[in-house]
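For reference, the chains in residue letters:
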Protein chains: 2
Amino acid sequence: MAITDILIREKTNQAVKILQETGIDCWITFTRETEICGDPNLVFLAPGHLTWHSAFIISRNGRKKAIVGLYDKKGLEDLAAYDQVEGYVTGIKEPLQTYLQELQPEKIAINYSKTSEICDGLTHGMYLTLYEMLKEINLENHLISAEEIVSALRERKSPVEIQAIKKAIEITEEIFEQVQKFIAPGKTEKQMAQFMLDQVKKRGLSTAWGQSTCPAVFTGPDTAQAHYSPTDRQAERGHILNMDFGVRVEGYCSDLQRTFYLLQENENHPPEKVLKGFQTITRAVEEARQAMKPGIKGMEIDSIARKIVTEAGYQEFPHALGHQVGRFAHDGTALLGPAWEKYADKPYRLLEPGMVFTIEPRLTVENRGVITIEEMVLVTETGAEFLSHPQRELLLIT
Amino acid sequence: MAITDILIREKTNQAVKILQETGIDCWITFTRETEICGDPNLVFLAPGHLTWHSAFIISRNGRKKAIVGLYDKKGLEDLAAYDQVEGYVTGIKEPLQTYLQELQPEKIAINYSKTSEICDGLTHGMYLTLYEMLKEINLENHLISAEEIVSALRERKSPVEIQAIKKAIEITEEIFEQVQKFIAPGKTEKQMAQFMLDQVKKRGLSTAWGQSTCPAVFTGPDTAQAHYSPTDRQAERGHILNMDFGVRVEGYCSDLQRTFYLLQENENHPPEKVLKGFQTITRAVEEARQAMKPGIKGMEIDSIARKIVTEAGYQEFPHALGHQVGRFAHDGTALLGPAWEKYADKPYRLLEPGMVFTIEPRLTVENRGVITIEEMVLVTETGAEFLSHPQRELLLIT
């Protein structure tokens, strides 16, 4: 069976369990023309894209129903994940209203969230459409946010999901090893990035996010800040070089950063200041990981690493310590982040077993460049374990 | 300059003109984590993906401002398409409120629409976020749908856009010619689809929509309906075979269908019933095209072709006669469609110069298969012209 099909069965069953846990009667994913602005959770519900208004209705009582345009019906029926797939020609209103009147749910969870983009796949126009259809059958006041359901669904990774993420990490580490041999003084950021993209292509894979910044390669001091495309700037001896990179394997991503140092001709080891920066970062990663466990808030973990960096005399990094990873490099709701407006409620969420996070503190060493390591960890029943092989030493280029 | 950069300048300038035409003061595209559920119009506004809450504010007075997370700032500044790019660290609220208070717009258009998915890129959670920010500065009642602006922006194709679409059509037609030589009795739908995908790959391109149904290949009677993946069903003599296929070139799509007939060993030409069906379809395409001109409603065009098919004794096709094509195979708001619920107001929209439509009627010939042709046409100042080379004869496989 295709991994897509396994996932859809796994996730639709998981959704029923989460509904039972939360006491919410049903969860509706309502979408249309999904190539244009589809719901990010559609991958857990359907094997491909859908054209017309489509509703996937999963109930606490275990019933799973899909209502889709006629041409999208057969592909869904083949899945055997739904009790019933209904196809319509002229419009979804009548079949959707009929089914919901039969179901009479107290609470109808739909995919919107101010906090979490991963739970915010319902567009405002589609919200209005659904609201009006429900108003006609007096159910419009039963709508609530599905954030709790969708977060759990994406965050509690199944063995199949963990396996794919591990594979993606393995390949990413392999490519980091290969590029280490390629890096040399005079090579440009663009050349190094291209070398890595060629490795991705050779394996028939795609990058974990857009190729213009995956890999991101930064060499030396005064580089552009993160999220910027590789430039024609050349690697130089005495400079730090860092890379942010990931691949996608069977729909799941890796997201890792590694830091290199180009030794001067008269150097046997990196200068003190570079070493101190590196050790600060590895300590921040390790202490953050050790503190992670189910039930703790993400902001507490962020604060541990942030404090290590600032107390060592460096400027605070202007981003969260870590995010979840899954089908996107940035996935899930709970975040190892500070309580800043842009992170909404995410840093307040509690860690749960099965979550996969990055840990990625950053600091700048004057005149040398940026040190940043990004590892990936899995939250277990009792703590958190590395999924990546953590960088313990600066990667030296001689 | 990259085509992306040209497009962004072209489209942001076009947006100012449309705002002046409509009398709307400003247009805001408000989005975050755009790899997850980005606004489909972001390609006209930014060269890549964005991580945090981002606002692109284009005003009737010609001012163009972007407010983005700090790490996304430099990539946008390089574009030189905005008067100002502001980067923030903790949250977008303060810079966004400050700018809008200065602007004091009467009407603020945002990307939501019940009718048109292409104008519905704002998620409901992001709508609520924006609404609350505006409420604090007493502007929440100034929000309106940007459907009029976004539709015009996507539908009025510039020369650069038409050029890319023409290129995509040319390559699609080339691949149809190649597959015609490959088709033979005994070849499966999957084999034929793979042949075409190999041609796409060889050219370093991607398909116009998801590969599982692009190409779609249907052979013989009682096939699955449109939008279904190719199967192991083999092409047989005496059957009709049809394909739905397109490629994406420089971000722009083609979407064409062609119909083939596999001659029996004792046949020199297709049977009467097949010919009659084919001629009905070509007549429907041609009469629809001839009726197209600026100012006419899409539903009037749909009705011409639909009537030709039903009056010839065939069942009505369960879909619109034609949709617009652009960055997606299904693009734009105005539709050559019937007044069915699922099409909302789209069929009532008036045709305008610069729109690119498909024309794709369909009918079934009993015991033989489905005849369907899909052409692409450009609406001009006075009528509509073919962009594709219209299929005038059944493509015969001997």
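Residues numbered from 1 in each chain as written. Chains lettered and ligands numbered in written order. Predicted model: local features only at pLDDT ≥ 70, side-chain atom pairs only at ≥ 80, totals over all residues. Heavy atoms only, no water.

Section: the confidence of the model for chain A
Quick reminder of the rule: As a per-residue measure, pLDDT tells how confident the predictor is, with possible values from 0 to 100.
Per-residue confidence for chain A averages 95 on the pLDDT scale, and 99% of its residues sit at or above 70. Interface confidence in the predicted complex, given as ipTM, is 0.90; pTM for the same model is 0.90.

Comments concerning the pattern of salt bridges
Residues and elements named next belong to chain B. What counts, and what does not: A side-chain nitrogen of Lys or Arg and a carboxyl oxygen of Asp or Glu constitute a salt bridge if their distance falls within 4 Å. Helix and strand definitions here come from DSSP, where helices need a minimum of 4 consecutive H or I residues and strands a minimum of 2 consecutive E residues; each element is numbered from the N-terminal end. Each residue is placed in one exposure class: buried if its accessible area under a 1.4 Å probe, protein chains only, is under 20% of its type's maximum, exposed if it is over 50%, and partly exposed if it falls in between.
Scanning all chains against the criterion turns up 46 salt bridges over all chains. The partner of Arg-156 in a salt bridge is Glu-21, and the shortest N-O contact between them spans 3.0 Å. Of this pair, Arg-156 sits in the loop between helix H6 (147-155) and helix H7 (159-182) while Glu-21 sits in helix H1 (residues 3-22), and the two are 135 residues apart along the sequence. Arg-156 sits in the partly exposed class, given a relative accessible area of 22%. Taking the relative accessible area as the measure of exposure, Glu-21 reaches 54% and is therefore exposed. Across the pair Asp-331 and Arg-154 runs a salt bridge whose closest N-O atoms are separated by 2.7 Å. You can see Asp-331 sitting in strand S14 (residues 331-336) and its partner Arg-154 sitting in helix H6, a full 177 residues away along the chain. Residue Arg-154 is classed as buried on the basis of its relative accessible area of 2%.

A short note on the environment of Glu-189 of chain B
All names here are of chain B. Let me state the cut-off plainly: Definition of a polar contact: a pair of N or O atoms within 3.5 Å, with one able to donate and the other able to accept a hydrogen when the atoms are protein atoms, and with sequence-neighbouring residues admitted only if both atoms are side-chain atoms.
Here Glu-189 lies in helix H8 (residues 189-202). Considering only alpha carbons, one finds Glu-189 and Glu-102, 87 residues apart in sequence, at a separation of 60 Å. At 2.8 Å, the side chain of Glu-189 forms a polar contact with the side chain of Thr-231.

Concerning the relation of the copies chain B and chain A
For clarity, the cut-off: In superposing the copies, a least-squares fit is computed on C-alpha atoms, taking residues whose pLDDT is at least 70 in both. Contacts: residue pairs with any heavy atoms within 4.5 Å of one another.
Mapping chain B onto chain A leaves a residual RMSD of 0.0 Å; the transformation is a rotation of 180° accompanied by 0.0 Å of translation along its axis. Put plainly, the chains are arranged around a two-fold axis. Comparing interface residues between copies, 100% of those in chain B also sit at the interface in chain A, which points to an isologous, same-surface contact.

Describing the interface of chain B and chain A
The condition is simple: Accessible surface is computed with a 1.4 Å probe, and the buried area is the amount of it that two parts give up when combined, taken over both parts together.
Across the contact, 57 residues belong to chain B and 57 residues belong to chain A. Carbon and sulfur atoms make up 58% of the surface buried where chain B meets chain A, a total of about 5,100 Å² over both sides. Taken together, the links from chain B to chain A amount to 4 salt bridges. Arg-32 of chain B is paired through a salt bridge with Asp-120 of chain A; the nearest N and O atoms lie 2.8 Å apart. Elements with a minimum of two residues in the side of chain B that touches chain A: helix H2 (34-37), helix H3 (73-77) and helix H5 (124-135) of chain B.

Overview of the pairing of strand S3 (residues 64-69) of chain A
All names here are of chain A. Here is the rule: Only strands that DSSP links by at least two bridges are regarded as paired with each other. We call a crossover right-handed when, viewed with the strands running away from us, the connection from the first strand over the helix to the second turns clockwise.
With 6 of 6 residues buried, S3 lies mostly within the body of the structure. Where strand S2 (residues 54-59) folds back onto S3 in an antiparallel hairpin, the turn is made up of 4 residues, including Gly-62, whose phi is positive at roughly 95°. In this sheet, strand S4 (residues 84-88) lies alongside S3 in parallel orientation, the contact comprising 5 bridges. Residue Gly-69 lies in a different strand from S4, and its bridge partner there is Tyr-88. With helix H3 (residues 73-79) bridging S3 and the parallel S4, this β-α-β connection has right-handed handedness.

What about the packing of helix H7 (residues 159-182) of chain A against helix H8 (residues 189-202) of chain A?
Residue and element names in this part refer to chain A. Note the cut-off: Between N-to-C directions, angles cover 0 to 180 degrees, with each direction set by a line fitted to C-alpha atoms, over the stretch in contact for helices. The cut-offs work like this: below 35 degrees is roughly parallel, past 145 is roughly antiparallel, 65 to 115 is roughly perpendicular, and the gaps in between are oblique. Crossing handedness is defined as follows: a turn of the near helix away from the far one that is anticlockwise and smaller than a right angle gives a left-handed crossing, while the clockwise case is right-handed. Nonpolar residues are Ala, Val, Leu, Ile, Met, Phe, Trp, Tyr, Cys and Pro. Charged residues are Asp, Glu, Lys and Arg, and all others, Gly as well, are polar.
The interhelical angle for the contact between H7 and H8, taken along N-to-C directions, is 140°, at an axis separation of 10 Å. It follows that H7 is oblique to H8 by the angle criterion. In this structure, the crossing between H7 and H8 has a hand that is right-handed. Packed against H7, whose contacting residues are Ile-175, Phe-176, Gln-178, Val-179 and Phe-182, the element H8 presents Gln-191, Met-192, Phe-195, Met-196, Gln-199 and Val-200 at the interface. Tallied by class, residues from the contact of H7 with H8 come to 8 nonpolar, 3 polar and no charged.

Digging into unusual backbone geometry
Residue and element names in this part refer to chain A. The step from Cys-214 to Pro-215 runs through a cis peptide bond, and the omega angle for that step is 5°. Its location among the elements puts Pro-215 in the loop between strand S7 (206-207) and strand S8 (216-219). In this structure, Glu-33 takes a positive phi of about 35° despite not being glycine. Take Glu-33: it is sitting in the loop between strand S1 (26-31) and helix H2 (34-37).

Comments concerning the sheet that holds strand S11 (residues 252-253) of chain A
Sheet architecture is open: 3 strands sit in the order S7-S10-S11 (chain A), paired in antiparallel fashion. With partners counted over all chains shown, the strands left at the sheet margins are S7 and S11 of chain A, one partner each.

Topic: H6 of chain B
Residue and element names in this part refer to chain B. Of all 9 residues in H6, 8 are buried; the element is thus mostly enclosed. Of the positions making up H6, those classed as buried are Glu-147, Ile-149, Val-150, Ser-151, Ala-152, Leu-153, Arg-154 and Glu-155. Here the buried face of H6 lies against H1, strand S1 (26-31), strand S5 (108-110), strand S6 (143-145), strand S13 (322-324) and S14.

Some points on helix H4 (residues 93-103) of chain A
All names here are of chain A. Looking at H4, one finds that the buried residues are Pro-95, Leu-96, Gln-97, Tyr-99, Leu-100 and Leu-103. Against the buried residues of H4 lie S1, S2, S3, S4 and helix H5 (124-135). Of the residues trailing H4, Gln-104 is marked for its positive phi of about 45°.

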